[in-house]
Amino acid sequence: MDTTNVVSKPEQTYVDANVQDDNWTEVIQPRTRLLDLGLADVWRYRDLVMLFVRRDFVSTYKQTVLGPIWFFIQPLLTTITYVIIFGNVAKLSTDGLPMMVFYLSGITIWNYFAQTLTVTSTVFRDNAGMFGKVYFPRLTMPLSIVISNLVRFAIQFGLFIVVWLYYLLKGDSGIHPNWLIVLTPLLVVVMGLMSLGLGMIFSAMTTKYRDLAMLLAFGVQLLMYATPVIYPLSSITGKYRYLILSNPMTSIVETFRYAFLGSGIFNWNYLVYSVAFTLVILLIGTIIFNRVQKSFTDTV
């Protein structure tokens, strides 16, 4: 009997390239737009942001005896040092205000900006190992730094309020708060965004030039002396006054101090300048951050 060889061909499956599989939970694509922040992705990873915030607290005060009490000790010791050196030795003016509350107001507002900027500026370098192993929106890391330092600011701000209330209730301290206190949340937001924008710029640059991290840490200390933290703006005259006013942090510190203490200089134009500077820096930082995050693991 004749037999016929039958060859069975495998079935060919044709898949439309335009049809996406809905079973995927994550699609990683290169970003082509410089201003694409990916805020939707950041929102989806909001739990990760909170984990990063918690990690910052645990890693900072792990195996310390006093723990979070350092939140209060650091600004208090700094304030006492300023009172002794700048108030009693150098005899710098405080516009007739008690030295303790004057210096503490400047330290409270400045520490949030300085700490956020310093830590954000090395986010790529400090977390290169994590970035190279697992995917998550890179922006979650600097945002977590802004939030964690915001919690620190809230604690230190509470300390400032206690000292402020003490002198306010004395009645003869010369403190005269006003309605500009309601601008405090705006000042904090502007500081956070400014430090975020500057931090993203320096973070992108430190991937190739690590010397910038040390230069920035030194520069932040110098910038404090170009900001009315340890002296009132009213004590600066001549050409140096315009130099100090060109610093966008000047109007923020002065507005904060004027709102709570009633002493200082408040001008809407100066505050608008700080807000505009912040928006421009945040835009530039976003562009640079999005460009560098695609290839930073090759250079860190």
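Just so we're clear, the structure is a prediction, and the values are computed from it rather than from any experiment.

For the rest of this paragraph, the subject is the overall build of the chain. Helices and strands together make up the secondary structure of the chain, namely 12 helices and zero strands. The N-to-C order of helical and strand elements in the chain reads α-α-α-α-α-α-α-α-α-α-α-α. Counting the 300 residues in the chain, one finds 42% classified as buried.

Turning to helix H4 (residues 99–120), a few remarks are in order. The first and last C-alpha atoms of H4 sit 32 Å apart over 22 residues, in line with the 32 Å expected at 1.5 Å per residue. Along H4, the helix axis deviates most sharply at Trp 110, where the bend reaches about 30°. Within H4, 17 of the 22 residues are buried, leaving the element largely enclosed by the surrounding structure.

All told, the structure shown has one cavity of 30 Å³ or more when counted by the stated rule. In this structure, the largest cavity encloses a volume near 40 Å³. Around the largest cavity, the lining residues are Thr 108, Asn 111, Tyr 112, Gln 115, Asn 149, Arg 152, Phe 153 and Gln 156. Listing elements by their share of the lining of the largest cavity, those giving two or more residues are H4 and helix H7 (140–170). Split into classes, the residues belonging to the lining of the largest cavity amount to two nonpolar, five polar and one charged.

Moving on, we get to the nonpolar core. Grouped burial of nonpolar side chains is what soluble globular proteins tend to show. In terms of nonpolar packing, the biggest core is built from 59 residues, with Val 101, Trp 110, Phe 113, Met 249 and Ile 252 touching the most fellow members. With 11 residues, H4 is the largest single contributor of residues to this core. Residues contacting Met 249, with those up to four places away along its chain left out, are Ile 109, Trp 110, Phe 113, Met 191, Met 194 and Thr 227.

Moving on: the environment of Thr 206. Tracing the backbone through its elements, the reader meets Thr 206 in helix H8 (residues 184–206). Along the primary structure Thr 206 and Val 123 are separated by 83 residues, whereas in three dimensions their C-alpha atoms are 9.3 Å apart. Not counting chain neighbours up to four residues away, the residues in contact with Thr 206 comprise Ser 121, Thr 122, Leu 212 and Ala 213.

Okay, the environment of Leu 193 next. Inspection of the secondary structure assignment puts Leu 193 in helix H8. Separated by 50 residues in the primary sequence, Leu 193 and Leu 143 place their C-alpha atoms 9.6 Å from one another. Once residues within four sequence positions are removed from consideration, Leu 193 is found in contact with Thr 278 and Leu 282.

About the thresholds
Residues numbered from 1 in each chain as written. Predicted model: local features only at pLDDT ≥ 70, side-chain atom pairs only at ≥ 80, totals over all residues. Heavy atoms only, no water. Helix = DSSP H or I, 4+ residues; strand = E, 2+ residues; numbered from the N terminus. Buried < 20%, exposed > 50% of the residue type's maximum accessible area, 1.4 Å probe, protein only. Expected span 1.5 Å × (residues − 1). Bend = angle between axes of the 7 residues up to and from the residue. 1 Å grid on protein atoms, 1.4 Å probe; cavity = no way out; pocket = protein on both sides within 12 Å on 5 of 7 lines; lining within 4 Å. Points joined across faces, edges and corners; volume = space filled by probe spheres on them. Nonpolar A, V, L, I, M, F, W, Y, C, P; charged D, E, K, R; others polar. Core = buried A, V, L, I, M, F, W, Y, C linked by side-chain atoms within 4.5 Å. Contact = heavy atoms within 4.5 Å.

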